[in-house]
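# Examining the three-dimensional arrangement
Given next are the chains, with one letter for each unit.
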Amino acid sequence: MNRLTAVAAAGLFAIAVGAPAVDAVRPGAFRWTVARVVPDFGVYFPAARLAADGKNPYDFPRLAEAEAEVDPDNDPLPAMSPPWALATLVPLAPFEYEPARVAWFFLNLALLTACGGALWELFDGDPSKAAFGPLLAVAGYPAIQALGLGQFSAFTLAGLVLFVAAEKAGRPVLAGCGLAFLLVKPQTQVVVAVAVGLWVLDRRAWRILLGAGLGVGVLSLLIGFANPAIFGEYVESLRAARPPDVFRPPLPGTLLRIAFGWDQFWLTFLPLPFGVAWAVWWYVRHRAAWNWPERMPVLAVVSFLASPYGWAYDHLVFLFAVIALAARGSRRPGPAALLVVAAWVGMVVYYRVMIANGFDEFHWVWVPPVLLGTYLWRTHLVCPPTR
């Protein structure tokens, strides 16, 4: 990434690190809008604190008490994320909610800024328009929602960016470390994981596996040091519960349930085996000239489409396709890159209007396939130009 983007990301990271220190010197300094309780961070931060105290974060009655300590007016919600997601919050567990919320906000903003800059460089965007990369990363609706709710999705994006960039730079162990962050949102990254697994076996890229093992080990140690039983507790929570039926994720599985019966919960998982089969076919077809920067934009979108559970904030991984299109357009005469920026950022207006009129996120189910079709069309992966 260029120097300005690197400085901006570093500055945001410094704010994240400094927030708890400021609160220690001046208690209550962050009791303002961005630090207020929101459903997602208001669930996962108390869960991470329970885990750091050696307690079961998936024990709903205990978690409900912890959530009530943060905000007694909110209805308690269960923690659905795996231990490796909670591990990213463990360093903030010693602090109070408000400084932790501010630190988390700026940490994720720093990650998004760095990812936008890295992707712009990865896709060889015009250096004079390098600001487009971070702008696309932080100003789209997925980023706004992820930052507002305090979600983990920026870590999934950062892991994929680190994997692709480090692999391209010939640093396989570091690339493998990036893969560890797929465990933060594993349900949305199955297709990507299958493609990576096939590539590792085919290329005998064992140092990628070494890096992945190191990354998973660090995350596991962070969350498991105080509570070694947390992994079994998570498995038990999956057996005992499932995502509430009131949720309608913007996914093909939801469409199937609407079409064939909402009580047919198994239809939620039906797209997944087709996605896995597609990943095998896609890899075999392109294995001779496999290139991660070229393949990841498609894989990221298809992996989301095949997942059983995901939301608009999980669209952050679509930045591979969005920034690739903008970078491609930036190298050509005309306003192509600016049009991509305008479309992606302009979607915020669409989302806001839909929300204001009472539409839930299911009505955004068209976004991934339209983006995928646009990317395939503009990169000629479906219809190569005739000569």
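For the structure, check the block above.
Residues numbered from 1 in each chain as written. Predicted model: local features only at pLDDT ≥ 70, side-chain atom pairs only at ≥ 80, totals over all residues. Heavy atoms only, no water.

Bringing the packing of helix α7 (residues 141-149) against helix α17 (residues 336-356) into the picture now. Taken N-terminus to C-terminus, the directions of α7 and α17 make an angle of 60°; their axes are 8 Å apart at the nearest point. Judged by the angle between their axes, α7 and α17 are oblique. Residues Y141, P142 and I144 of α7 pack against W344, V348, Y351, R352 and I355 of α17. When the residues that make up the contact of α7 with α17 are grouped by side-chain class, the tally is seven nonpolar, no polar and one charged. (Axes fitted to C-alpha atoms, helices over the stretch in contact; angles between N-to-C directions. Helix = DSSP H or I, 4+ residues; strand = E, 2+ residues; numbered from the N terminus. Parallel < 35°, antiparallel > 145°, perpendicular 65-115°, else oblique. Contact = heavy atoms within 4.5 Å. Nonpolar A, V, L, I, M, F, W, Y, C, P; charged D, E, K, R; others polar.)

Mapped onto the secondary structure, P228 falls in the loop between α11 (206-224) and α12 (230-240). The class for P228 is exposed, based on a relative accessible area of 64%. The spacing of P228 and F362 is 134 residues in sequence and 37 Å in space, taken between C-alpha atoms. (Buried < 20%, exposed > 50% of the residue type's maximum accessible area, 1.4 Å probe, protein only.)

Before going further, it helps to examine the packing of aromatic side chains. Throughout the structure, instances matching the rule amount to 29 aromatic pairs. With 6.5 Å between their ring centres and 85° between their planes, F123 and F320 make a pair best called edge-to-face. Residue F123 is found in the loop between α5 (97-122) and α6 (132-139), and its partner F320 is found in helix α16 (residues 319-330); the two are separated by 197 residues along the sequence. An identical accessibility class is assigned to F123 and F320; each is buried. Site record: aromatic cluster; members linked through ring pairs are F41, Y44, F45, Y97, W104, F152, F155 and F181. The ring of F41 has R101 sitting right over it, with the charged end atom 5.5 Å from the ring centre. In this structure, R257 is placed above the aromatic ring of W262, and the distance from its NZ or CZ to the ring centre is 3.9 Å. (Phe/Tyr/Trp six-rings, centres within 6.5 Å; stacked < 30°, edge-to-face > 60°. Lys NZ or Arg CZ within 6 Å of the ring centre and 35° of its normal.)

Attention now goes to the pattern of salt bridges. Summed over all chains, the structure comprises six salt bridges. Note that D314 is salt-bridged to K185, the shortest N-O span being 3.4 Å. Residue D314 is found in the loop between α15 (292-306) and α16, and its partner K185 is found in the loop between α9 (172-179) and α10 (190-203); the two are separated by 129 residues along the sequence. Note on accessibility: D314 and K185 belong to one class, buried. In this structure, D202 engages R287 in a salt bridge whose closest nitrogen and oxygen atoms are separated by 2.7 Å. Pair noted here: D202 is in helix α10 and R287 is in the loop between α14 (271-286) and α15, with a separation of 85 residues, a long-range link. (Salt bridge = Lys/Arg side-chain N within 4 Å of Asp/Glu carboxyl O.)

Glancing now at the side chain of K185. On the basis of relative accessibility, which here comes to 7%, the residue K185 falls in the buried class. Side-chain polar atoms of K185 contact the side chain of D314, separated by 3.4 Å. The contacts of K185, once residues within four sequence positions are left out, are Q151, F152, S153, T156, Y313 and D314. (Polar contact = N/O pair within 3.5 Å; in protein donor to acceptor, adjacent residues only side chain to side chain.)

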